Amino acid sequence: MAKLLDLEVSRASIAVRLILGALLGALGFLVFYYVPANFLRLASDVLRMEIPPQAAGVLSSLVDPALPLVGLALAPAIFLCALFRGTKAYGPLTVALSLLFATYVFLWFHGGAISLALSIDPIGGGVPMEPSMSIRVEMAMLMALFLIPPILGVAKGVLLMLEKDRRR
């Protein structure tokens, strides 16, 4: 038996936790960091064609510049939560993971409203002005629904911390 902070576990259990944490962390890295950071290239690969510059500008505006950084922070938090589940560190780690995920959701929805500026190519070549339009999609209610699980995660982490304090 080995001691993992305040929890007695077998060496096999630690090995399983490490493997599971590494797999979950790698999956989190792939989904939350790699896909947003390489969105245009992946979209181009899926469509099997070069994305036109105007469409690339619109697609790149869908991904907030800070989104991959928060996704990069999520990967080790996921690993640590899997490793330290059941220990006294699990409560604070759950709160940190939930807050990071809430930040990720907030950035994904651009604070509740996604705005796109589109320029339209003129049909006739002699137009002196380039027409453009702006689209704004309000998604605050949808964002609020996606923020419910992280809020519940924060509450779970706080309850776990309070429970560990009462046991001492």
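Each remark here, short or long, concerns the structure printed above.
What counts, and at which threshold
Residues numbered from 1 in each chain as written. Predicted model: local features only at pLDDT ≥ 70, side-chain atom pairs only at ≥ 80, totals over all residues. Heavy atoms only, no water. Phe/Tyr/Trp six-rings, centres within 6.5 Å; stacked < 30°, edge-to-face > 60°. Helix = DSSP H or I, 4+ residues; strand = E, 2+ residues; numbered from the N terminus. Buried < 20%, exposed > 50% of the residue type's maximum accessible area, 1.4 Å probe, protein only. Contact = heavy atoms within 4.5 Å. Expected span 1.5 Å × (residues − 1). Salt bridge = Lys/Arg side-chain N within 4 Å of Asp/Glu carboxyl O. Axes fitted to C-alpha atoms, helices over the stretch in contact; angles between N-to-C directions. Parallel < 35°, antiparallel > 145°, perpendicular 65-115°, else oblique. Nonpolar A, V, L, I, M, F, W, Y, C, P; charged D, E, K, R; others polar.

### A few points about the packing of aromatic side chains
Okay, step 1: Per the stated rule, a full pass over the model turns up four aromatic pairs.
Okay, step 2: Ring geometry for Phe109 versus Phe146: centroids 5.3 Å apart, planes at 50 degrees, classification tilted. A residue pair is termed long-range when its members are at least 10 positions apart, and Phe109 in the loop between helix H5 (90-108) and strand S3 (113-119) and Phe146 in helix H6 (residues 140-167) qualify at 37 residues.
Okay, step 3: Residue classification places Phe109 among the buried positions, given a relative accessible area of 5%.
Okay, step 4: One aromatic cluster in this structure is built from Phe32, Phe101 and Tyr104.

### Some points on the environment of Leu100
Okay, step 1: You can see Leu100 is positioned in helix H5.
Okay, step 2: Note: C-alpha distance between Leu100 and Leu74 (26 residues apart in sequence) is 6.5 Å.
Okay, step 3: Non-local contacts of Leu100, meaning those with residues more than four positions away in its chain, are made with Val70, Ala73, Leu74 and Ala77.

### Things to note about helix H4 (residues 67-83)
Okay, step 1: The first and last C-alpha atoms of H4 sit 25 Å apart over 17 residues, in line with the 24 Å expected at 1.5 Å per residue.
Okay, step 2: Residues of H4 that are buried include every one of Leu67, Pro68, Val70, Gly71, Leu74, Ala75, Ala77, Ile78, Cys81, Ala82 and Leu83, and no others.
Okay, step 3: Each element contacted by the buried residues of H4 is listed here: strand S1 (2-4), helix H1 (11-37) and H5.

### Looking at unusual backbone geometry
Okay, step 1: Notably, Arg48 is not glycine yet its phi reads approximately 55 degrees, a positive angle.
Okay, step 2: Looking at the secondary structure, you find Arg48 in the loop between helix H2 (39-47) and helix H3 (53-61).
Okay, step 3: Its relative accessible area of 77% is what places Arg48 among the exposed residues.

### What to know about the pattern of salt bridges
Okay, step 1: Scanning all chains against the criterion turns up two salt bridges.
Okay, step 2: Between Asp45 and Arg41 there is a salt bridge whose closest N-O contact spans 3.7 Å. A residue pair is termed a helical-turn pair when its members lie 3 or 4 positions apart in one helix, as Asp45 and Arg41 do in helix H2 at four residues.
Okay, step 3: Residue Asp45 is classed as partly exposed on the basis of its relative accessible area of 47%.
Okay, step 4: Its relative accessible area of 41% is what places Arg41 among the partly exposed residues.
Okay, step 5: Residues Arg136 and Glu138 are paired through a salt bridge, measuring 2.7 Å at the closest nitrogen-oxygen approach.
Okay, step 6: Residue Glu138 is classed as exposed on the basis of its relative accessible area of 53%.

### Regarding the packing of H1 against H2
Okay, step 1: Following both chains from N to C, one finds H1 and H2 inclined at 80 degrees, their axes separated by 5 Å at the closest point. The orientation of H1 with respect to H2, classified from their angle, is roughly perpendicular. Every residue of H2 that contacts H1 at Tyr34, Val35, Pro36 and Ala37 is listed here: Phe39, Arg41 and Leu42.
Okay, step 2: When grouped by side-chain class, the residues that make up the contact of H1 with H2 number six nonpolar, no polar and one charged.

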